[in-house]
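# Examining the three-dimensional arrangement
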Amino acid sequence: MSLAIVHSRARVGVHAPEIRVEVHLAGGLPAMSIVGLPEAAVREAKDRVRAAIQCAQFEFPARRITINLAPADLPKSGGRFDLAIALGILAASGQIPVAALDGWEFLGELALTGELREVDGVLAAALAAGQSGRKLLVAPHNGAEAALAGTVETHTARTLLEVCAALEGRKSLPAAQPLPQRPSTEPDLADVRGQTQARRALEIAAAGAHHLLLIGPPGSGKTLLASRLGGILPPPTQAEALEAASIASTSGRGLDLTRWRQRPFRAPHHTSSAVALVGGGADPRPGEISLAHNGVLFLDELPEWSRHALEVLREPLESGHVHISRAARHCEFPANFQLVAAMNPCPCGWAGDPSGRCLCTPEMIQRYRARISGPLMERIDLHIEVPRLPPSALRTDAPPVEASADVRARVVAARARQQTRSETPNARLSQTQTNAFCRLETRDSLLLERAVDALQLSARSLHRILRVARTIADLAGSAQIETPHLSEAIGYRTLERGSTRAAA
Ligand SMILES: [Zn+2]
């Protein structure tokens, strides 16, 4: 037999399409060519595969070797096909049985010594292989990640030689093992002293999946609060955790298995580029907003971000995903994140502080806040002030505050009500659903109209107030939105006053 077919998987965005590695040996001058749109890295595979085969004491066939990676129109990058190519050459030249390759998918780069090296995007490949019904073979470093998929029989091998011995039936390969479950390392709300109002806003944000803006001077605890949101959100489902882990695994930054089953928390710096934030590159990779999928994206110092970077957030904030077009390639990444933004109240940071140290003029403050466009501001449902606390509130003998687990229990109950009613968190209710599920008594409708008028809010803001009021009612276990629920929801928009007009 001078033809062998080996199965492997490419990485395209967060997907792992199947690749057939076809190896054909023919007479003629010894040569090796790879066809099927290979990039430079795949061409380098030739040298690695040749060295690995020779190091494993096999014979590198002195014939014309043609390797076809099919389908040809898929982009292929990295050394992920090395192992499949080497096995194809060995099978086509009769050094290992061709039939043994059936029912397997292979994923791994080869070192010159024949050692198997890890590749990225293994979780996506394992999930896809689970649907094909084949077994998966990966490097030991990829074993724990592949095992997360839970739907595919995965084995690991250290070297090309071990793989060949197993295919010949002379050796069995260990099954990939998931990492043992560790206790959660999520930071706890019990560490946040005082800040009753901000804690309340955080709970509402969690209960309805609403975006949140924290406004306060440096050191008031905005970052501390934001980092506690993940711990009071409902724990992710298996599907949500797999989706988030799959994205991290294809990001090129590696998957942190110790955070498995915790919601992502991403806090990129304000100097990050738009590409780092939303994703991109010649071989498109997910950005911070996709790494925060099913979790929290924390943007500190909001007015310091470039206008461009903030504007590209608008699409994903509405739709939950982002489209990236680069030359011939088009990718869509999931980006269903919850935004927590933070900013100082003024350029110096101390506006409203009892110390009176802020000397910013109203014009300076207005200009500073107008750096965030009205449309972005509108999409953030809750705006809350986080004042600097008096030293007495920070004393260690201050009474203890509620821990994350207690708050999470209320959040989970409120989410369950929403799931029963509309199958979606309140923040993602459509216009029609908002009209249907957020009805007000006549006197409350008038109250809302007056507030929208006085605060110069848009129709979009009005709908968002209704959804927040719905969440507050859900936390209170109330079927109907009552006046206090609506008033509280309006209160979370008072800081927005006129910002839409100012930026328009
Ligand atoms: Zn100031």
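Here is what the cut-offs are and how they apply
- Residues numbered from 1 in each chain as written.
- Predicted model: local features only at pLDDT ≥ 70, side-chain atom pairs only at ≥ 80, totals over all residues.
- Heavy atoms only, no water.
- Helix = DSSP H or I, 4+ residues; strand = E, 2+ residues; numbered from the N terminus.
- Buried < 20%, exposed > 50% of the residue type's maximum accessible area, 1.4 Å probe, protein only.
- Domains from an automatic or database assignment.
- Contact = heavy atoms within 4.5 Å.
- Buried area = accessible area lost by both parts, 1.4 Å probe.
- Salt bridge = Lys/Arg side-chain N within 4 Å of Asp/Glu carboxyl O.
- Donors = N, O, S within 2.8 Å, 3.2 Å for Na, K, Ca; no water.
- Tetrahedral: all angles 85-135°; square planar, octahedral: opposite > 155°, others 65-115°.
- Expected span 1.5 Å × (residues − 1).
- Arc of directions from axis to C-beta.
- Polar contact = N/O pair within 3.5 Å; in protein donor to acceptor, adjacent residues only side chain to side chain.

This next bit is on unusual backbone geometry. Here the amide bond leading from alanine 70 into proline 71 is cis, since omega sits at 0 degrees, within 30 degrees of zero. Its location among the elements puts proline 71 in the loop between strand S4 (64-70) and helix H2 (82-92). In this structure, glutamine 57 is a non-glycine residue whose phi angle is positive, near 65 degrees. For glutamine 57, the position within the fold is in the loop between helix H1 (40-55) and S4. A positive phi angle, near 60 degrees, is found at alanine 209, a position not held by glycine. With respect to the secondary-structure elements, alanine 209 resides in the loop between helix H6 (196-208) and strand S10 (212-215). Take alanine 209: its relative accessible area is 5%, and that puts it in the buried class.

Attention shifts here to the domain arrangement of the protein. Entries for the protein in the domain assignment read domain 1 (3-167) and domain 2 (189-503). Across the boundary between the two partners, domain 1 contributes 16 residues, which contact 18 residues of domain 2. Three residues stand out in domain 1 for area buried against domain 2, namely Arg11, Val14 and Leu148, and they jointly supply 41% of the buried area on that side. Joining domain 1 to domain 2, the criterion identifies one salt bridge.

Take the environment of proline 362 next. Within the secondary structure, proline 362 is located in helix H14 (residues 362-370). With relative accessibility at 62%, the residue proline 362 sits in the exposed group. C-alpha separation for the pair proline 362 and cysteine 346, spaced 16 residues apart in sequence, amounts to 9.2 Å.

Quick look at the coordination of the zinc ion now. Those donors, Cys346 (SG), Cys348 (SG), Cys358 (SG) and Cys360 (SG), are the protein atoms that reach the zinc ion, and they lie 2.2 to 2.4 Å from it. Each of the four donor atoms bound to the zinc ion contributes to angles spanning 104 to 112 degrees, and the resulting shape is tetrahedral. For the zinc ion, the donor residues sit on a single chain with the sequence spacing C-x1-C-x9-C-x1-C. Highlighted residues: cysteine 346 in the loop between strand S17 (338-343) and H14 and cysteine 360 in the loop between S17 and H14, separated in sequence by 14 residues. In this structure, cysteine 346 and cysteine 360 share a single accessibility class: buried.

The next point concerns helix H16 (residues 404-422). Helix length check: H16, at 19 residues, gives a terminal C-alpha distance of 26 Å against a target of 27 Å (1.5 Å per residue), a fit within 8%. Among the residues making up H16, those that are buried are Ser404, Val407, Val411, Ala414, Arg415, Gln418 and Ser422. All buried residues of H16 project into a common sector of 105 degrees when viewed along the axis, lining one side. Structural note: H16 exposes Ala405 and Thr420 on the side pointing more than 90 degrees away from its buried face. In the core, the buried residues of H16 are packed alongside H6, helix H8 (229-232), helix H17 (431-437) and helix H19 (459-475).

Under the criterion given, the structure shown has 27 salt bridges. Salt-bridge contacts for glutamate 186 lead to arginine 259; the nearest nitrogen and oxygen are separated by 4.0 Å. With glutamate 186 in the loop between helix H5 (160-167) and H6 and arginine 259 in the loop between helix H9 (238-250) and strand S11 (265-266), this residue pair connects regions lying 73 residues apart in the sequence. Judged by relative accessible area, glutamate 186 falls into the buried class, the value being 19%. Residues glutamate 288 and arginine 266 are paired through a salt bridge, measuring 2.7 Å at the closest nitrogen-oxygen approach. Pair noted here: glutamate 288 is in helix H11 (residues 288-291) and arginine 266 is in strand S11, with a separation of 22 residues, a long-range link. Within the structure, one salt-bridge network assembled from shared partners comprises Glu318, Glu378, Arg379, Asp381, Arg460 and Arg464.

Here we take up the side chain of asparagine 426. For asparagine 426, the location among the structural elements is in the loop between H16 and H17. Judged by relative accessible area, which is 0%, asparagine 426 ranks as buried. At 3.4 Å, the side chain of asparagine 426 and the side chain of arginine 421 are in polar contact. Beyond its immediate chain neighbours, meaning those up to four positions away, asparagine 426 contacts Gly208, His210, Gln418, Arg421, Arg467, Arg470, Thr471 and Asp474.

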